[in-house]
Amino acid sequence: MSAHKPYSASVWKDIQACGLAVEASLQRSGVALTMGGEPTFVPTQPDGAEWQTAALGPTKLTYARQLAHALIRTAFPGSVILETSGKHYPGEPLPRWALLVQRRATGEPLWQDLSLLAADTTPGKHTLAKADKFLAALAKALGLTAAHPLPFAETAAPETIIGHVLPLDHVNDTWITDDWTSAFSPTPPPATRHSPLIPLFPGDSPAGLRLPLGQLAEKNLRRALTAEIRTGTLTIFIPPLLLASYVELIGKIEAALVSTKISGVVLAGYVPPPDAALPTIGLASDPGVLEINLAPCATWADYDLQLTQLYAAAAEIGLCARKLQLNGREVGTGGGAHLVFGAPPGLYSPFFAFPALLPSVIRYFQRHPSLSYAFTGAYMGPSSQAPRIDESTYEALYELEIACSAAETLGSPQNLTLYDLLFRDLLMDRSGNTHRAEISVDKLWNPFSPNGRLGLVEFRAFETHPQSAVQSLTALFIRAILARLCVAPLSAPFIRWAGELHDRFFLPAFVWQDLVAICDDLQAHGLPFDPEWLRAPWEFRFPKVGQLAFETKTQDPKPKSKNSVIEFRQALEAWPLLGESPNAGTVARTVDASLDRLEVCVPDAKLLEAGLLLVNGLPCEFRQAAPSESPLATRHPPLTPAACGIRYRAFYLTPSLQPHVPVHAPLLIEWVDRTTMAVVAAARWHVWNPRNLDYTARPTTDTDAAHRRAERWEPWTHTVGQSRFIPKIDFPPEGRHTLDLRRYPSQSR
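Residues numbered from 1 in each chain as written. Predicted model: local features only at pLDDT ≥ 70, side-chain atom pairs only at ≥ 80, totals over all residues. Heavy atoms only, no water.

**Considering the overall build of the protein**
Line of reasoning, step 1. Across its full length, the protein carries 15 helices and 33 strands.
Line of reasoning, step 2. Against the globule reference of 27 Å for 749 residues, the protein gives a C-alpha radius of gyration of 30 Å, in line with a compact fold.
Line of reasoning, step 3. In terms of overall dimensions, the protein has a C-alpha envelope of 105 × 60 × 50 Å along the principal axes.
Line of reasoning, step 4. Here the protein holds 749 residues, and the buried ones make up 55% of them.
Line of reasoning, step 5. For the protein, the proportion of contacts with a sequence separation of at least 24, taken over those separated by at least 6, is 72%.
Line of reasoning, step 6. Counting every atom, the protein has about 32,600 Å² of accessible surface; 56% of that belongs to carbon and sulfur. (Helix = DSSP H or I, 4+ residues; strand = E, 2+ residues; numbered from the N terminus. Rg over C-alpha atoms; globule rule 2.2 N^0.38 Å. Buried < 20%, exposed > 50% of the residue type's maximum accessible area, 1.4 Å probe, protein only. Contact = heavy atoms within 4.5 Å. Areas by Shrake-Rupley, 256 points an atom, 1.4 Å probe, with all protein chains shown as cover.)

Here it is as structure tokens:
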């Protein structure tokens, strides 16, 4: 069995060779292109709100600490774990937590003994005396001969000391401290043994973030290290320092812990400025998932190795990159797996050095909708986290044509702020959110964000795949496209897809057709990317749900019988955004997730001369795909497949679009012989199961999930042999590829 499931060892060798060809192409173009990403993980049994919609919860931090330990133990020995502040969104009182796994680029250990760091959130047994002992040892290790650590307490409980603060800074290669006693000595002194005492600002954050620094005199140091007991665990808060000082302090902290025989502590505090000398993997709390921010990689091979190590460490502690829905369907985590491209530190971003690159990327993605839909999650379309350019505002394409043309004439080096502003107000969603875009320039040269001027472009229409090899291959696919565009920038105009965008490219056959066209283009530019490598992500995104098998008779050159099979796959469906509705004194906007879509694909369009497909009594209209571009096409002999979509209401939700339309499931699917007008094969498709029973829990095993999936497709012999009347219905310009059952009166089933 190959170590790179689902690819065989020989296929993986070919993929690695393609990776080398991509790197060689970039090198010939003079492009240094880093890559990273944000895969997301959940427990194998993702129970609780924290693994559905909530960013925080009772077990997520434990999993993060365990994963950080597993990564260091198995892949990055000598790393240290720092807990710091992460993302902060409107409406949330505090920033979310984030864990950073930091290591030295040289390979020299930054931290020696992993057991000194807490591996979970179990309450510890550390006491205040331990904190005092640690601070004394640290002061000695730093050469501070006159250290004056002061106690601090919560304002609501001034009699309960929870830790001590040590003013600390690093100046001219020397550690210095300060005496804050006078700033926190009230006059007259209170009748308490705790004087002076620092009262913390109220809150849940570490004490290092809640010190009343405004009470200090102008001459006092403002930086300080704290040693605090939180839930029985010694938490050491590190002040903001430059990299060299930070690295030295980390070593001194470990030495002090070793000398005092204290273990199971938490390191928290400020992160030094980003530096290539300190590669960092981030673990962040995100709604419903644990998000991993990969360290930037110089090549795809480096990215693949890091991803493989991450998936292995996650599996070791019970995390995975998929979920099983109640009805058995296997899907991604629900979180993203964004791909990020930029340049090594100190070099010009390739998107600045080659002004035609970003406009070419924008044009290429717009002309190939499969890049928007083949790898993304269930929630996609105009209201999603990563809407396409032509799903945002109606004027976006027209304005982007002007912006792309202007970007290509700026030259290099150019006005970076102006270059960023060309796209900032166009690559966004309908509400103006520049982060929520399929191609996000939020970190390109954003003057409004502290971390926005990084020269990075983020591709957001990607969801984590359960298998690391498939996830890695997807990243190689996008890297290959960027390499191809560096060789030959694209100047072809945008395509006005209009209604065809969703009607056609929500169907698997046409997504595959477009993927093959991209691979053909890569091969024409010297990049040997085989479209068959994309079969695995395509199958995962569009799983087969059932088939109709029947016998047909052919007349040429003489009558004979032939077995035929029609295949049904899960297709895509966007969730439209609804209007505002009152919600607890404010307003909320919901999406309509009541619709679903299937695809029907016949292996040869000639089959449609002998029969037709009815769904709930209504005829489907098939559209042909090019013979060599369909997933069901065979080379010998060449066939001309055809496909169509079936759009139907799967659930009745309130509110929803078209609330007068009833639920269409179970769908009655019938193949009718054109000569006799009789049903020759039939099945029913259930959203849930044939018994209409609720599931009490998600499937716990793959076998259970497979059983639930299988019973959704129910062979239906009861109507075989019955005659059918075929109604004539219209297919509007926006729906030529899809039978939308909402447009027509309900038929008997």
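That shown, we press on.
**Considerations on the sheet that holds strand E19 (residues 439–440)**
Line of reasoning, step 1. On the basis of which strands lie adjacent, the open sheet formed by 4 strands has the order E1-E18-E20-E19 and antiparallel pairing. Pairing within the sheet leaves two strands with one partner each, and these edge strands are strand E1 (34–38) and E19. (Pairing = 2+ DSSP bridges.)

**Remarks on the state of the cysteines**
Line of reasoning, step 1. Following the criterion strictly, the structure yields 0 disulfides and no others.
Line of reasoning, step 2. Cys644 carries a free sulfur, and the closest cysteine sulfur to it, the one in Cys620, is 3.9 Å from it. (Disulfide = S-S within 2.5 Å.)

**Re the sheet that holds strand E30 (residues 667–673)**
Line of reasoning, step 1. Sheet architecture is open: 5 strands sit in the order E27-E26-E30-E31-E32, paired in antiparallel fashion. Every other strand in the sheet has two partners, leaving strand E27 (618–619) and strand E32 (713–715) as the edge strands with one partner each.
Line of reasoning, step 2. Two strands pair when backbone bridges link them, and strand E31 (residues 679–685) and E32 are joined in this way by 3 bridges, in the antiparallel orientation. When the bridges of E32 are listed, Arg684 appears paired with Glu714.

**Some words on the pairing of strand E12 (residues 266–269)**
Line of reasoning, step 1. Residue alternation in E12 divides its side chains into two sets, Val266 and Ala268 and Leu267 and Gly269, and both sets are buried.
Line of reasoning, step 2. Judged from the 4 bridges that link them, strand E11 (residues 233–238) and E12 form a sheet pairing that is parallel. For Phe237, the partnering residue across the bridge sits in E12 and is Ala268.
Line of reasoning, step 3. In the classification by handedness, the crossover that spans E11, the intervening helix H4 (residues 243–260) and the parallel E12 is right-handed. (Right-handed = clockwise from strand over helix to strand, strands pointing away.)

**Side note on helix H1 (residues 9–29)**
Line of reasoning, step 1. In this model H1 runs 30 Å from its N-terminal to its C-terminal C-alpha over 21 residues, within 8% of the 30 Å that 1.5 Å per residue would give.
Line of reasoning, step 2. Within two residues after H1, Gly30 carries a phi angle of roughly 75°, on the positive side. (Expected span 1.5 Å × (residues − 1).)

**Looking at the environment of Gly346**
Line of reasoning, step 1. Among the structural elements, Gly346 can be located in the loop between strand E18 (338–342) and helix H6 (350–353).
Line of reasoning, step 2. Between the alpha carbons of Gly346 and Ala403 there is a distance of 27 Å; along the sequence they are 57 residues apart.

**Quick look at the packing of aromatic side chains**
Line of reasoning, step 1. Counted according to the given criterion, the structure contains 26 aromatic pairs.
Line of reasoning, step 2. Here the aromatic rings of Phe352 and Trp445 are separated by 5.8 Å at their centres, their planes lie at 85°, and the arrangement is edge-to-face. Linking Phe352 in helix H6 with Trp445 in the loop between E19 and strand E20 (457–459), this pair joins segments that are 93 residues apart in sequence.
Line of reasoning, step 3. For Phe352, a relative accessible area of 1% puts it in the buried group.
Line of reasoning, step 4. The class of Trp445 is partly exposed, set by a relative accessible area of 23%.
Line of reasoning, step 5. Measuring from centroid to centroid gives 5.8 Å for Phe375 and Phe462, while their planes differ by 15°, and the two rings are stacked. Taken as a pair, Phe375 in the loop between helix H8 (370–373) and helix H9 (396–408) and Phe462 in the loop between E20 and helix H11 (468–487) lie far apart in primary sequence, 87 residues in all. Like Phe462, Phe375 is buried.
Line of reasoning, step 6. Aromatic ring contacts, followed pair by pair, group Tyr348, Phe352, Tyr419, Phe423 and Trp445 into a single cluster. (Phe/Tyr/Trp six-rings, centres within 6.5 Å; stacked < 30°, edge-to-face > 60°.)

**Notes on the pattern of salt bridges**
Line of reasoning, step 1. As enumerated under the stated definition, the model contains 35 salt bridges in all.
Line of reasoning, step 2. When the shortest N-O distance is used, the salt bridge between Arg496 and Glu401 registers 2.8 Å. Remark: Glu401 occurs in helix H9 and Arg496 occurs in the loop between H11 and helix H12 (500–505); sequence separation between them is 95 residues.
Line of reasoning, step 3. You can call Arg496 partly exposed: its relative accessible area is 48%.
Line of reasoning, step 4. We note a salt bridge from Glu711 to Arg691, for which the minimum N-O separation is 3.0 Å. Here Glu711, found in the loop between helix H15 (702–710) and E32, pairs with Arg691, found in the loop between E31 and H15; they are 20 residues apart in sequence, far enough to count as distant.
Line of reasoning, step 5. Here Glu711 falls in the buried class, since its relative accessible area comes to 13%. (Salt bridge = Lys/Arg side-chain N within 4 Å of Asp/Glu carboxyl O.)

**Some details on the pairing of E31**
Within a regular strand, side chains alternate between the sheet's two faces.
Line of reasoning, step 1. Most of E31 is tucked away, with 6 of its 7 residues classed as buried.
Line of reasoning, step 2. Between the end of E30 and the start of E31, which pair antiparallel, lie 5 residues, with Met677 showing a positive phi angle near 60°.

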